[in-house]
Amino acid sequence: MKNTALITGATSGLGLSYAKYFASAGYDLILTGRRREIIQKNAEILQKRYHIKAEVLIVELSDPNGISHLLSCIRDRDIHVLVNNAGFGLKPFFADTPREDIEKMLYLQIWCVTQLTHCVLKGMLQRHDGIIINISSDAAFAVMPHNVLYSSTKLYILNFTEGLHTELVGTGVHVQAVCPGFIDSHFHENAGMHMDKNKKGMFGFRQPDDIVADAMKDFRKGKVVSVPDAGAKRIRFMGRFMPRKAFYKMSASFSAGVIKKKANTSASHK
């Protein structure tokens, strides 16, 4: 019997790339997502290409009923790999964010990650073997305007993963937090953000497959926190060592620049 990898948010982007990675390594898959037609088609492609089984569960993990359904589906299953990838961004300032969206984000990116990890961890500890990969973000290192809640949840994921690592040393269960920068996926469009994905250089967009490949290289080296691109590494450095007053000033200036740019863009389209 093959080992099984559970990957949340596996319809596209980083989640799909992790699905391809573990399928190519011979793992059967349990994939969660919301867009049934797309994720089912991807699952069929992975099954044929890698000769594995790919089970699809359509669940809304930002809703209590969704996570309860997923937990009931996997409770008696041996999960050897868990990738907590499902997530979304929010565009407005925190004060303008609807309460419903706040609850969904907190539930998905904190409570869901915590419950899924707790559910699979006991079995992993009994087998003395397991991998848990939690997708954080470069936003965990430096919170910015329009990004307050998202950054805070990603910081939780980072701290949670590092804390787990300290508890799991010597157990055979290994954890990693992945903190990528800009990913060429549907993430920004879904959050109502319009980004230039053709931008190159330090803060350019990277392909999900490349990010996963770099993160898994870090995993094999034993890196608990993977920062798989140069732009995210720079943000991490700034968040650690930049004086806070200077950081706040830079953050406010950046926000003002974004607002001005949006105003000019709107005016030019009138």
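Residue numbering note: each chain is counted from 1, following its sequence as written. With pLDDT at 70 or above as the cut-off, local features in this predicted model cover only qualifying residues; side-chain atom pairs require 80 or more to be listed or tallied, and sums for whole chains, interfaces and linings still use all residues. Note that the side-chain values use all heavy atoms of the structure and ignore hydrogens as well as water.

A.B. asks: Would you mind going over the overall build of the protein in detail, with residue names and values included?
C.D. replies: Looking only at helices and strands, one finds nine helices and seven strands in the protein. Working definition: with a 1.4 Å probe on protein chains only, accessible area under 20% of the residue-type maximum means buried, over 50% means exposed, and in between means partly exposed. Counting all 270 residues of the protein, 47% fall into the buried class. It only takes one pair of heavy atoms within 4.5 Å for two residues to be counted as in contact. Counting only contacts in the protein whose residues sit at least 6 apart along the sequence, the fraction spanning at least 24 positions is 69%. Working definition of accessibility: Shrake-Rupley area with a 1.4 Å probe, residue cover restricted to the visible protein chains. About 14,400 Å² of surface is accessible on the protein, with carbon and sulfur atoms providing 55% of the total. Put simply, DSSP marks the helices as runs of H or I at least four residues long and the strands as runs of E at least two long, and each gets a number from the N terminus on.

A.B. asks: An account of unusual backbone geometry is requested, with residue identities and associated values reported.
C.D. replies: Positive phi, normally seen in glycine, also occurs at His-51, with a value near 60 degrees. One can find His-51 in the loop between α2 (36–50) and β3 (54–58). One non-glycine residue, His-146, lies in positive phi territory at about 70 degrees. As for its position among the elements, His-146 is in the loop between β5 (130–135) and α5 (148–168).

A.B. asks: Pulling in residues and values, what's your account of helix α4 (residues 99–127)?
C.D. replies: Take the residue count of a helix, subtract one, and multiply by 1.5 Å to get its expected span. Helix length check: α4, at 29 residues, gives a terminal C-alpha distance of 41 Å against a target of 42 Å (1.5 Å per residue), a fit within 8%. Working definition for bend: take the seven residues up to and ending at a residue and the seven starting at it, fit an axis to each, and measure the angle between the axes. Maximum bend of α4: about 35 degrees, positioned at Tyr-107. Backbone geometry just downstream of α4 places His-128 in the positive-phi region, at approximately 60 degrees.

A.B. asks: Could you give an account of a nonpolar patch on the surface, with specific residues and numbers?
C.D. replies: What goes into a patch is any residue over 30% in relative accessible area without a salt bridge, connected to like charges within 9 Å or, for nonpolar side chains (Val, Leu, Ile, Met, Phe, Trp, Tyr), within 5 Å. Salt bridges are counted wherever a side-chain nitrogen of Lys or Arg sits within 4 Å of a carboxyl oxygen of Asp or Glu. Among the surface-exposed residues, Phe-94, Val-143 and Val-148 lie close enough to one another that they form a single nonpolar patch of about 240 Å² accessible area. Assignment of secondary structure puts Phe-94 in the loop between β4 (81–84) and α4. Given a relative accessible area of 46%, Phe-94 falls into the partly exposed group.

A.B. asks: Tell me about the nonpolar core, and please be specific about residues and values.
C.D. replies: Nonpolar cores were defined as sets of buried Ala, Val, Leu, Ile, Met, Phe, Trp, Tyr and Cys residues, with membership established by side-chain atoms within 4.5 Å. Of all hydrophobic cores here, the largest spans 30 residues; its most connected members are Ile-7, Tyr-18, Phe-22, Leu-29, Leu-31, Val-83 and Ile-133. Among the elements of the structure, β1 (4–7), α1 (13–24), β2 (28–33), α2, β3, β4, β5 and α7 (208–220) are those that each provide at least two residues to this core. Contact partners of Phe-22, with chain neighbours within four places excluded, come to Ala-5, Tyr-27, Leu-29, Val-81, Val-83, Ile-133 and Met-216. Counting residues in each nonpolar core, the second largest holds 27 residues, with Ile-30, Ala-86, Val-120 and Leu-164 among its members.

A.B. asks: Can you tell me about the side chain of Lys-154, naming the residues and giving the values?
C.D. replies: Relative to the helices and strands, Lys-154 is located in helix α5. Asp-138 provides the closest opposite charge to the buried, unpaired Lys-154, separated from it by 9.4 Å. When neighbours within four sequence positions are excluded, Lys-154 is seen to be in contact with Gln-109, Ile-135, Ser-136, Ser-137 and Ala-140. For the purpose of counting charges, residues Lys and Arg are taken to be positive, whereas Asp and Glu are taken to be negative. His and the chain ends are not included.

A.B. asks: Outline the packing of α4 against α5, listing residues and values.
C.D. replies: Angles shown run from 0 to 180 degrees and are taken between the N-to-C directions of axes, each axis being a line fitted to C-alpha atoms and, for helices, limited to the stretch in contact. At a minimum axis separation of 9 Å, α4 and α5 run at an interaxial angle of 15 degrees. On the basis of the axis angle, α4 is roughly parallel to α5. The handedness of the crossing between α4 and α5 is right-handed. The residues of α5 that touch α4, namely those facing Ile-102, Met-105, Leu-106, Gln-109, Ile-110, Val-113, Thr-114, Thr-117, Leu-121 and Leu-125, are Leu-149, Tyr-150, Thr-153, Lys-154, Tyr-156, Ile-157, Phe-160, Leu-164 and Leu-168. Under this scheme an angle from 65 to 115 degrees is roughly perpendicular, one under 35 degrees roughly parallel, and one over 145 degrees roughly antiparallel; angles in between are oblique. Each helix crossing is assigned a hand: it is left-handed if the near helix lies turned anticlockwise from the far helix by less than a right angle, otherwise right-handed if that turn is clockwise.

A.B. asks: So what's going on with the pattern of salt bridges? Which residues, and what values?
C.D. replies: Throughout the structure, instances matching the rule amount to eight salt bridges. Salt-bridge contacts for Arg-206 lead to Asp-214; the nearest nitrogen and oxygen are separated by 2.8 Å. Accessibility expressed as a relative area gives 22% for Arg-206, which makes it partly exposed.

A.B. asks: I'd like a rundown of the pairing of β1, residues and numbers included.
C.D. replies: On a regular strand, each side chain points to the face opposite its neighbour's, so the side chains alternate between the two faces of the sheet. Judged by which residues are buried, β1 turns out to be covered on both faces: Thr-4 and Leu-6 on one side and Ala-5 and Ile-7 on the other are all buried. Strand direction decides the pairing type here: β1 and β2, joined by four bridges, are parallel. If you follow Thr-4 over to β2, its bridge partner there is Asp-28. Pairing geometry for β1 and β4, over three bridges, is parallel. The residue bridging Ala-5 from the neighbouring strand is Val-81, located in β4. Two strands form a pair only when DSSP identifies at least two bridges running between them.

A.B. asks: Account for the packing of aromatic side chains, naming residues and giving values.
C.D. replies: Two rings from Phe, Tyr or Trp (for Trp, the six-membered ring) form a pair when their centres are within 6.5 Å of each other. A pair whose planes differ by under 30 degrees is stacked, one over 60 is edge-to-face, and the rest are tilted. Under the definition given, this model contains four aromatic pairs. Ring plane angle 15 degrees and centroid distance 6.4 Å describe the contact between Tyr-18 and Phe-22, whose orientation is recorded as stacked. One end of the pair is Tyr-18 and the other is Phe-22, both in helix α1 and four residues apart, which spans about a single turn. When its relative accessible area of 2% is taken as the criterion, Phe-22 is described as buried. Look at Tyr-156 and Phe-160: their rings are 5.6 Å apart centre to centre, the planes differ by 10 degrees, and that puts the pair in the stacked class. Note that Tyr-156 and Phe-160 are positioned in helix α5 at a spacing of four residues, about one turn of the helix.

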